[in-house]
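Close look at the chain arrangement
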Amino acid sequence: GGDVNLCAMLPVMLIGYYLGTKYGLIACFAYSLLEMLLSIGSVLSWGLTPTVVVATVFIDYIFAYTSLGLSGLLRDILSKKKPLSKGMDFTTFVLGMVIATFTRFVLHFISGVVLFDTWATFEPVWLYSIAYNGGYMLGNMIFCVAAVILLAKPLSKLPKKYDFCVFLDKDKYM
């Protein structure tokens with residue numbers, strides 16, 4: 001099951017914001033594999049059928065955690081319309097975090113309705129899935145937004161997109 005973590009999603013969402021959606025999705029895919037490997041023992045202990053285990057791996061881990069890379073989507077769209085400014089646009093990042101977190105929530109919600117309907121402690125199952133998954137996803141998002149507000153000054157001093165990423169071809173992105 002899901003739980004509230006103290007800003008565990010924030011580092012990968014920062015990658016999505018600063019490096020763009022493409023690299024954010026790649027980083028978050030790696031994050032999804034790590035989360036899956038750390039949780040697979042628990043998932044296997046739930047007594048699920050092999051089909052549900054495979055679906056859980058894809059929906060609840062690979063797709064859901066990879067979707068956090070969408071945190072840079074708004075910045076990607078806006079950068080096509082105007083040059084990127086130095087530092088972070090907090091409104092764009094927070095909205096990107098909301099989009100990414102909401103997408104992850106939707107994937108967990110679908111999984112809850114389709115795969116874990118027999119586990120619901122009350123009916124209707126869609127309401128149970130909203131309450132269960134929405135509770136911890138909202139908590140996670142609140143912690144991440146609060147951290148961004150608290151870290152606003154240091155984050156604003158980070159260089160513009162791609163400056164700090166030495167493994168990329170700077171000439172191509174600058």
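Residues numbered from 1 in each chain as written. Predicted model: local features only at pLDDT ≥ 70, side-chain atom pairs only at ≥ 80, totals over all residues. Heavy atoms only, no water.

**A look at the overall build of the protein**
Stated precisely, the cut-off is as follows: Where helices and strands are cited, they refer to DSSP runs of H or I of at least four residues and of E of at least two residues respectively, numbered from the N terminus. Partly exposed residues are those whose accessible area sits between 20% and 50% of the maximum for their type, while under 20% is buried and over 50% is exposed, using a 1.4 Å probe and protein chains only. Residue contacts are defined here by distance: any two heavy atoms, one from each residue, within 4.5 Å place the two residues in contact. For every accessible area listed, the method is Shrake-Rupley and the probe measures 1.4 Å; residues are considered covered only by the protein chains on display.
For the protein, the helix and strand inventory stands at eight helices and zero strands. Traced from its N-terminal end to its C-terminal end, the protein shows the element sequence α-α-α-α-α-α-α-α. Sorting the 174 residues of the protein into buried and exposed places 45% on the buried side. Pairs at least 24 apart in sequence give 78% of the contacts found in the protein among residues at least 6 apart. Summing over all exposed atoms, the protein offers an accessible surface of approximately 9,400 Å²; the carbon and sulfur share of this is 72%.

**Description of the side chain of Thr66**
So the rule is basically this: Whenever a nitrogen or oxygen atom comes within 3.5 Å of another N or O atom, the pair is scored as a polar contact, on the condition that within protein one atom can donate a hydrogen and the other can accept it, and that pairs from neighbouring residues in sequence are kept only if both atoms are in side chains.
Summarising the element assignment, Thr66 is placed in helix α3 (residues 50–66). What makes Thr66 buried here is its relative accessible area of 14%. Among the polar contacts listed, one links the side chain of Thr66 to the backbone oxygen of Ile62, at a separation of 2.5 Å.

**Overview of helix α1 (residues 10–19)**
Three- or four-residue spacings in an α-helix give side chains the same orientation, since the helix completes a turn every 3.6 residues. For α1, the buried fraction is high: eight of the ten residues fall into the buried class. Once α1 ends, the next one or two residues include Gly20, with phi positive near 100°.

**Things to note about the packing of aromatic side chains**
The cut-off we apply is this: Each aromatic pair joins two rings of Phe, Tyr and Trp (for Trp, the six-membered one) with centres within 6.5 Å, and gets the label stacked for planes under 30 degrees apart, edge-to-face for over 60, and tilted for any other angle.
In total, this model carries ten aromatic pairs according to the counting rule given. Judged by centre distance (5.4 Å) and plane angle (85°), the rings of Tyr31 and Tyr65 are edge-to-face. With Tyr31 in helix α2 (residues 21–44) and Tyr65 in helix α3, this pair connects stretches of sequence that are 34 residues apart. Accessibility assignment for this pair places Tyr31 and Tyr65 in one class, buried. A connected cluster of aromatic rings, assembled from ring pairs, spans Tyr17, Tyr18 and Phe93.

**As for the environment of Phe58**
Positionally, Phe58 belongs in helix α3. When the C-alpha positions of Phe58 and Leu107 are compared, they lie 9.9 Å apart, and in sequence the two are 49 residues distant. Excluding residues within four positions of it along the chain, Phe58 makes contact with Phe63 and Ala64.

**Overview of the nonpolar core**
Going by this rule: Side-chain atoms within 4.5 Å are what join buried Ala, Val, Leu, Ile, Met, Phe, Trp, Tyr and Cys residues into a set we call a nonpolar core.
One finds Leu10, Met13, Leu68, Phe93 and Met97 to be the most contacted residues of the largest nonpolar core, which totals 39 residues. Taken together, the elements giving at least two residues each to this core come down to α1, α2, α3, α5 (90–114) and α6 (125–150). Take this core: its biggest share by element is nine residues, from α3.

**Observations concerning a nonpolar patch on the surface**
Put simply, the rule is: Only residues whose relative accessible area exceeds 30% and that form no salt bridge enter a patch; like-charged residues are grouped when within 9 Å of one another, and nonpolar side chains (Val, Leu, Ile, Met, Phe, Trp, Tyr) when within 5 Å. By salt bridge we mean one thing: a side-chain nitrogen of Lys or Arg within 4 Å of a carboxyl oxygen of Asp or Glu.
Together, Phe122, Trp126, Leu127 and Ile130 make up a nonpolar patch on the protein surface, roughly 360 Å² of accessible area in all. Topologically, Ile130 is positioned in helix α6.

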